[in-house]
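# Architecture and fold: a report
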Amino acid sequence: MGILLKNGEIVTASDRFVGDIYCDEGKILAIGQGLEKQHRDDEEIDASGQFIFPGGIDAHVHMELPFMGTVSADNFETGTAAGVAGGTTSILDFVIPGRGQSLLEGLDQWHEKAAKAVSDYGFHMAVTWYGDDTEREMRICALDKGIQSFKTFMAYKGAIGVDDAELIEVMKTAKDLQALVTAHCEHGDMVLALQKQYVEQGLTDPKYHALSRPAPVEGEATNRAITLARMTGTPLYIVHLTCKEALDAVTEARLRGQMVLAETCSQYLLLDDSVYEKENFEGAAYVMSPPIRPKGHQEALWAGISAGLIQVVATDHCPFNQVGQKDMGKDDFTKIPNGAAGIEHRLGLLWTYGVLEGRMDIHRFVDVFATQPAKTFGLYPRKGSIVTGADADLVVFDPTVESTISAATHHHNCDRNIFEGFKLKGGASHVIVNGKVQFKDGKLDVERGAGRYLPRSRNVHY
Ligand code: URP
Ligand code: ZN
Ligand code: ZN
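Okay, so let's go over this structure. Because the structure is a prediction, the values reported are computed rather than measured.

### Examining the overall build of the protein
Helix and strand content of the protein: 12 helices and 19 strands. Radius of gyration (C-alpha) of the protein: 21 Å, near the 23 Å computed for a compact globule of 462 residues. Across its three principal directions, the C-alpha atoms of the protein cover 70 × 50 × 40 Å. Counting all 462 residues of the protein, 63% fall into the buried class. Counting only carbon and sulfur atoms, one obtains 49% of the accessible surface of the protein, whose full area is about 16700 Å².

Right, here's the structure in full:
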């Protein structure tokens, strides 16, 4: 059964026109005016007065990630379903092998977990240590397994973090493979030193999480990663950039012609560090790394998006429940599992606080939400665009509906929502995933395991 979308305002990263879209067998087959159903049982959706966007791609999520003594609370089924409810039709998760574990063994484990996803998924591969076999395994990932991006953590010293010598090796191998290195930039040793200092002083509340990871910690590591990438000749993608210091480093690199790309996340655009002052340990819900920044950084990030210095907005979706997970750090902020949920709200937040508040135009919005993640990570034009032959992943967006974000109504498997109380204008009326309506008028109709693995091309379009 096909789907005919009629009279929607089709918006891509570059175009905007009123028209129809016909999809069948999971693909967009025709775009134009006056299109008609091809089969009697085709579904017709009246999209007049609504926008049609390409389905979103969240390039940074962690479903059922074993982390800091627990496991992130959304699995691939619940997490991708929450994404669909918010117009995100594909995700890129991170395979994170433990130190000493084989990359390929980690990949098998992630494939097993991800098989229940309701929408399509791809993987970045984290390199958490560099051993004798790492180069060979990275090569297999890039050449045979459809993974063209390798993640390094400069934080989390003693766990999944790498040192500079390891980072350099990852960069050299990635360069050889024409793959992209992505980096979580925080000075791991400085974080440990500050954590120790606060804990020794008995300062253990969630707010000391933020104080032990101030902006210069991120700025220094971003500069260092950029310098190492420059010296090894590797393209670099900075994940979850949060602050002016890091943005300055990216700006300087891009101005001298270095291939440095940057991602930020909804929470860094919209929250400030006053969230850590919440009473009754509620600040723990906002414990993530890097932390939410003081006022001022947010407007710099919005400006960075609009100037094209930041190309992607993701979520770093990594939920932990307050009860039973975050409370592991009740007496010590260093034990609070780092991360929060966000996949469902990227669309509504970027629209309401980005487009409607004049911080970015509608095409830039589509670009950071769908097109650039697809281009950067080798999924374009199959994903992130509205062209014939592309996967039928589409969001019909009604700009007139209003809602308020709440943990009581969200689809995340989490007892808190870091955007609790945020008002949204506009929302998806229909979300089409691989040619099927999976979300309609506020209700999900998803199928466990319907998502497919997305092997990614190394023919990337930075
Ligand atoms: O706090 C965060 N960001 N948790 C998820 C892991 C990571 O660093 O991306
Ligand atoms: Zn990170
Ligand atoms: Zn992350």
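Once the structure has been displayed, the description carries forward.
### Looking at the site of ligand 1
If you check the shell around ligand 1, you find 13 residues, and the closest are Tyr 156, His 184, Ser 289, Asp 316 and Asn 338. Considering ligand 1 on its own, with 260 Å² of exposed area, one finds that the protein chains cover 99% of that surface.

### Quick look at the packing of aromatic side chains
One pass over the structure, following the stated rule, counts 18 aromatic pairs. Between Phe 123 and Tyr 453 the ring centres are 5.5 Å apart and the planes differ by 35°, which places this aromatic pair in the tilted class. With Phe 123 in strand E10 (residues 120-126) and Tyr 453 in the segment after strand E19 (443-444), this residue pair connects regions lying 330 residues apart in the sequence. Residue classification places Phe 123 among the buried positions, given a relative accessible area of 0%. Among the aromatic residues, those joined into a cluster by ring pairs are Phe 51, Phe 53, Trp 351, Phe 365, Phe 369 and Phe 397. Directly above the aromatic system of Trp 110 lies the positively charged group of Lys 113, at a separation of 3.5 Å from the ring centroid. When the ring centre of Phe 94 is taken as origin, the NZ or CZ atom of Lys 151, which lies over that ring, is 4.1 Å away.

### Re the coordination of the zinc ion (ligand 3)
Here the zinc ion (ligand 3) is held by the protein donor atoms His 60 (NE2), His 62 (NE2) and Asp 316 (OD), which lie 1.9 to 2.2 Å from it. Classification of the site at the zinc ion (ligand 3) rests on its 4 donor atoms, whose angles at the metal span 86 to 132°, yielding the label tetrahedral. On the primary sequence, the residues serving as donors to the zinc ion (ligand 3) are separated as H-x1-H-x253-D. Between the two metal centres, the zinc ion (ligand 3) and the zinc ion (ligand 2), the spacing is 3.8 Å.

### What to know about empty space enclosed by the protein
Under the counting rule described, the total for this entry stands at 3 cavities of 30 Å³ or more. Roughly 120 Å³ of volume is contained in the largest cavity. Taken together, 16 residues form the lining of the largest cavity, with His 62, Phe 67, Tyr 156, Asp 316 and Asn 338 sitting closest to its centre. When the residues that make up the lining of the largest cavity are grouped by side-chain class, the tally is 7 nonpolar, 7 polar and 2 charged. In this structure, the second largest cavity occupies an estimated 70 Å³ of space. Residue classes in the lining of the second largest cavity are distributed as 6 nonpolar, 3 polar and 2 charged.

### Concerning the coordination of the zinc ion (ligand 2)
Four donors placed tetrahedrally around a metal ideally meet at 109.5 degrees, and six donors placed octahedrally ideally meet at 90 or 180 degrees. Coordination of the zinc ion (ligand 2) by the protein is provided by His 184 (ND1) and His 240 (NE2), with metal-donor distances spanning 2.1 Å. Geometry at the zinc ion (ligand 2) is irregular, judged from the 4 donor atoms that bind it and their angles of 56 to 151° at the metal.

### Section: helix H1 (residues 76-85)
Among the 10 residues of H1, 8 are classified as buried, and the element is accordingly described as predominantly covered. Within H1 the residues assigned to the buried category are Phe 76, Gly 79, Thr 80, Ala 81, Ala 82, Gly 83, Val 84 and Ala 85. Between the side-chain oxygen at the start of H1 and the backbone nitrogen of Glu 77 there is a gap of 2.8 Å, and the oxygen is on Asn 75.

### Digging into the nonpolar core
Ranked by size, the top nonpolar core spans 121 residues in total, and within it Phe 53, Phe 123, Met 138, Phe 150, Leu 236, Leu 241 and Phe 365 carry the most contacts. For Phe 53, the residues in contact, after removing those within four places along its chain, are Val 11, Leu 347, Trp 351, Ile 362, Phe 365, Val 366, Ile 386, Asp 393, Leu 394, Val 395 and Phe 397. Within the second largest apolar cluster, 16 residues are counted, among which are Leu 5, Ile 21, Ile 28 and Ile 432.

### Digging into the side chain of Lys 116
Its location among the elements puts Lys 116 in the loop between helix H2 (103-114) and E10. The residues contacting Lys 116, other than those within four sequence positions of it, are Glu 64, Asn 75, Phe 76, Glu 77, Arg 448 and Gly 449.

### Points about the sheet that holds E10
The 8 strands lie next to each other as E6-E9-E10-E11-E12-E13-E14-E15, forming an open sheet whose pairing is parallel. Single-partner strands in this sheet number two, and they are strand E6 (56-61) and strand E15 (312-314). Pairs of neighbouring strands in the sheet enclose a mean axial angle of 30°, with direction left out of account. Sitting on the sheet, H1 touches strand E9 (88-95) and E10, and the angle it makes with E9 is about 140°. Contacts from helix H12 (residues 362-376) reach E6, E9, strand E12 (180-184), strand E13 (236-238), strand E14 (260-265) and E15, with the element oriented near 65° to E6.

### Comments concerning the layout of surface pockets
Considered as a void within the structure, the largest pocket measures approximately 510 Å³ in volume. In this structure, the largest pocket is lined by 24 residues; those nearest its centre are Ala 85, Glu 344, Ser 403, Leu 424 and Phe 439. Those elements that provide at least two residues to the lining of the largest pocket are helix H11 (346-355), strand E16 (394-404) and strand E17 (423-433). By volume, the second largest pocket amounts to about 290 Å³. Residue lining of the second largest pocket: 16 residues in total, with Met 68, Tyr 156, Gln 195, Arg 213 and Thr 334 positioned closest to the centre. The element best represented in the lining of the second largest pocket is helix H5 (residues 188-200), accounting for 4 residues.

### What to know about H12
Helical periodicity: at 3.6 residues per turn, an α-helix aligns residues three or four positions apart in one direction. The end-to-end C-alpha distance of H12, which contains 15 residues, comes to 20 Å, matching closely the 21 Å that a straight helix rising 1.5 Å per residue would cover. By the largest-angle criterion, Val 368 marks the main kink of H12, which is about 50°. Of all 15 residues in H12, 13 are buried, a share of seventy percent or more. For H12, the side-chain oxygen to backbone nitrogen distance between the N-cap and His 363 is 2.8 Å, and the N-cap itself is Asp 361. Immediately downstream of H12, the backbone of Gly 378 shows phi near 75°, a positive value.

Rules used throughout
Residues numbered from 1 in each chain as written. Chains lettered and ligands numbered in written order. Predicted model: local features only at pLDDT ≥ 70, side-chain atom pairs only at ≥ 80, totals over all residues. Heavy atoms only, no water. Helix = DSSP H or I, 4+ residues; strand = E, 2+ residues; numbered from the N terminus. Rg over C-alpha atoms; globule rule 2.2 N^0.38 Å. Buried < 20%, exposed > 50% of the residue type's maximum accessible area, 1.4 Å probe, protein only. Areas by Shrake-Rupley, 256 points an atom, 1.4 Å probe, with all protein chains shown as cover. Near = heavy atom within 4 Å. Phe/Tyr/Trp six-rings, centres within 6.5 Å; stacked < 30°, edge-to-face > 60°. Lys NZ or Arg CZ within 6 Å of the ring centre and 35° of its normal. Donors = N, O, S within 2.8 Å, 3.2 Å for Na, K, Ca; no water. Tetrahedral: all angles 85-135°; square planar, octahedral: opposite > 155°, others 65-115°. 1 Å grid on protein atoms, 1.4 Å probe; cavity = no way out; pocket = protein on both sides within 12 Å on 5 of 7 lines; lining within 4 Å. Points joined across faces, edges and corners; volume = space filled by probe spheres on them. Nonpolar A, V, L, I, M, F, W, Y, C, P; charged D, E, K, R; others polar. Polar contact = N/O pair within 3.5 Å; in protein donor to acceptor, adjacent residues only side chain to side chain. Core = buried A, V, L, I, M, F, W, Y, C linked by side-chain atoms within 4.5 Å. Contact = heavy atoms within 4.5 Å. Pairing = 2+ DSSP bridges. Axes fitted to C-alpha atoms, helices over the stretch in contact; angles between N-to-C directions. Expected span 1.5 Å × (residues − 1). Bend = angle between axes of the 7 residues up to and from the residue.

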